[in-house]
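Topology and contacts: notes
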Amino acid sequence: MTVVAPGRLEGRPPREQLSALQARIDAASPGATVEVEAGEYRGDLVLDRPLRLVGRGRPRLVGSGHGSVVRIRADGVTVEGFAIDGRRGGDLSLDSAGVHSSGRDTTLRDLEIREALFGIYLREAGGATVERCRVRGIPGRDPGEKGSGIHAYNLEGFRFDDNEVVDVRDGLYLQNASRGLLRRNTARDVRYGLHYMFSDDNVFEDNTFENGAAGTAIMYSKRIVFRRNRFIRNRGFASVGLLFQTCDDVLAEANLVADNARGVFIEGSHRVTLRGNAIAGSDVAVVLYDPAGGHRFEGNAFVGNRSPLDLVARRTDTVFRGNYWSGNDEPDLDGDGTADRPYVLTSVFDHFRGNLTAADLLSDSFAAAAIGAAERAFPVLRAVPVEDAQPLARPPSLPGVPSPDPGGARANPAGIAASFALALAGASVLRMGAR
């Protein structure tokens, strides 16, 4: 067996581990199309010249179990139409994958990958396109014993469209991966739906990140846009729907952030704007560490959250304006669409609670309500007042926010966002009560 030092690329495997298809690849001229008929082909493949490898009738590539099943080592390679089986084998330190590419302008299309350490690994593969691929990880293994579904490392200019990733360590892992467009992807039953570091100028639209053990984490990045995504049902310890750690100039609009332990988490960041989102059914809607980040929350619907804000700072310059808060009972006597008084997000109970998760069990109790009433009657009790100066009296029209069911309607008509958010909130409370 060929020994490759950690951090180096897997090379051409020994002859006994090669696929019978390798001879056809070696005989192909650069730029050729190699069509593979239906059947099962055992062993690993190395694509070391620009070509199209096309499966007809979903042929099955069964790896040797010693490394990546398909190894792309040239620019301009396309692989489409295959089922790929990693046989639970390979080496995490070598990034063994169903498909591993180090070539520019790689296109991967209509692949079904299962039981590989990494599903797809793109290493310095700028210009990559991954579309309509389905990745299933290795069932029964702990997250630390398997890799990500789609891992992008040190590349620019890529597109991931309509992919599904299930039961891997992290669904999509972007590391030094910039100027990308990610649309209609789904990651569920994972550690992080989206794990994201040092990756700038990316756009996320219509994706679903669901049922993560520790939620979604976006870290050390700039100029990111999120539109019409679902961040739902992330309920592990300290999970969060949408987390920004040391990120600048972020726009999140028309997203559904629902049924998470923490809805939105912001720390060490600057100029994060959330506009027209539905944030619902979470233990805490917003966790905010930044005293002077210049963040803005405008036109969002906050529905059925146990607490609107956990402010882990003595003050903040974050602006909350024109949002709907289901816990706000102030009237709109003049009928202008906004409540007659500002809505105070922070409470003495939340201040006393701090980060004690166990105190969530008391958040709906008579004692918590009594503290809130005393706070409103005697404002001197307020620890750090944070207000929405113009809270909406009615749920806003959020036609761009997606349905909580990825198979449902793509968007909700006016006024519907709060209704489905309340339904999610009710389900969340019932489940927590049963624990």
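Check the entry above for the structure.
First things first, this report covers the structure right here in the doc. (Residues numbered from 1 in each chain as written. Predicted model: local features only at pLDDT ≥ 70, side-chain atom pairs only at ≥ 80, totals over all residues. Heavy atoms only, no water.)

**Concerning the overall build of the protein**
Across its full length, the protein holds four helices and 36 strands. The 435 residues of the protein split such that 55% are buried. A separation threshold of at least 6 residues defines the contact pool for the protein, and within that pool the share at least 24 residues apart is 50%. As displayed, the protein offers around 17600 Å² of accessible surface, 52% of which is attributable to carbon and sulfur atoms. (Helix = DSSP H or I, 4+ residues; strand = E, 2+ residues; numbered from the N terminus. Buried < 20%, exposed > 50% of the residue type's maximum accessible area, 1.4 Å probe, protein only. Contact = heavy atoms within 4.5 Å. Areas by Shrake-Rupley, 256 points an atom, 1.4 Å probe, with all protein chains shown as cover.)

**Examining the nonpolar core**
In terms of nonpolar packing, the biggest core is built from 75 residues, with L53, L108 and F226 touching the most fellow members. Excluding its chain neighbours within four sequence positions, the residues that come into contact with F226 are L194, F204, I218, F231, F244, V250, L251, A252, E253 and N255. A258, A278, A301 and V303 belong to the second largest nonpolar core, which has 11 residues in total. (Core = buried A, V, L, I, M, F, W, Y, C linked by side-chain atoms within 4.5 Å.)

**Examining the packing of aromatic side chains**
By the definition in use, this model includes 14 aromatic pairs. Measuring from ring centre to ring centre gives 5.5 Å for F209 and F231, while their planes differ by 25°; the resulting arrangement is stacked. Of the two residues, F209 sits in strand 21 (residues 208-212) while F231 sits in strand 23 (residues 230-232), which places them 22 residues apart along the sequence. Here F209 and F231 have matching classes, each one buried. Ring geometry for F226 versus F231: centroids 6.1 Å apart, planes at 65°, classification edge-to-face. Considered together, F226 and F231 belong to a single accessibility category, that of buried residues. (Phe/Tyr/Trp six-rings, centres within 6.5 Å; stacked < 30°, edge-to-face > 60°.)

**Examining the pairing of strand 21**
Counting buried residues along strand 21, four of its five residues qualify, which places the element largely inside the surrounding structure. Note: strand 21 against strand 23, three bridges, orientation parallel. Within the sheet, the bridge partner assigned to E210 lies in strand 23 and is I232. (Pairing = 2+ DSSP bridges.)

**Thoughts on the pattern of salt bridges**
Inspection of the entire model under this criterion finds 40 salt bridges. A salt bridge links E205 to R227; the nearest nitrogen and oxygen atoms lie 3.4 Å apart. Of this pair, E205 sits in strand 20 (residues 203-205) while R227 is found in strand 22 (residues 217-227), placing the two residues 22 residues apart along the sequence. Residue classification places E205 among the buried positions, given a relative accessible area of 9%. Bridged by salt links that share partners, the residues E40, R42, R60, D85, R88, R114 and E115 form one connected network. (Salt bridge = Lys/Arg side-chain N within 4 Å of Asp/Glu carboxyl O.)

**Section: the side chain of T208**
Checked against the element boundaries, T208 lands in strand 21. Within the structure, the side chain of T208 is placed 3.1 Å from the side chain of R230, a separation counted as a polar contact. (Polar contact = N/O pair within 3.5 Å; in protein donor to acceptor, adjacent residues only side chain to side chain.)

**Notes on unusual backbone geometry**
Excluding glycine, residues mostly carry a negative phi; peptide bonds, for their part, are mostly trans. In this structure, F198 is a non-glycine residue whose phi angle is positive, near 55°. The residue F198 is located in the loop between strand 19 (192-197) and strand 20 in this model. In this structure F198 comes out as partly exposed when scored by relative accessible area, which is 44%. Within the chain, N211 stands out as a residue other than glycine whose phi angle is a positive 60°.

**What to know about the environment of D388**
Structurally, D388 is set in strand 36 (residues 387-388). Separated by 44 residues in the primary sequence, D388 and V344 place their C-alpha atoms 6.5 Å from one another. Other than its neighbours up to four places away in sequence, D388 contacts F320, R321, G322, N323, W325, P342, Y343 and L345. From its side chain, D388 meets the backbone nitrogen of G322 in a polar contact 3.1 Å long. Only 2.9 Å separates the side chain of D388 from the side chain of W325, close enough to count as a polar contact.

**Describing the side chain of E253**
The topology assignment puts E253 in strand 24 (residues 240-253). Separated by 2.8 Å, the side chains of E253 and R227 make a polar contact. Beyond its immediate sequence surroundings of up to four residues, E253 is in contact with F226, R227, R228, R275 and N277.

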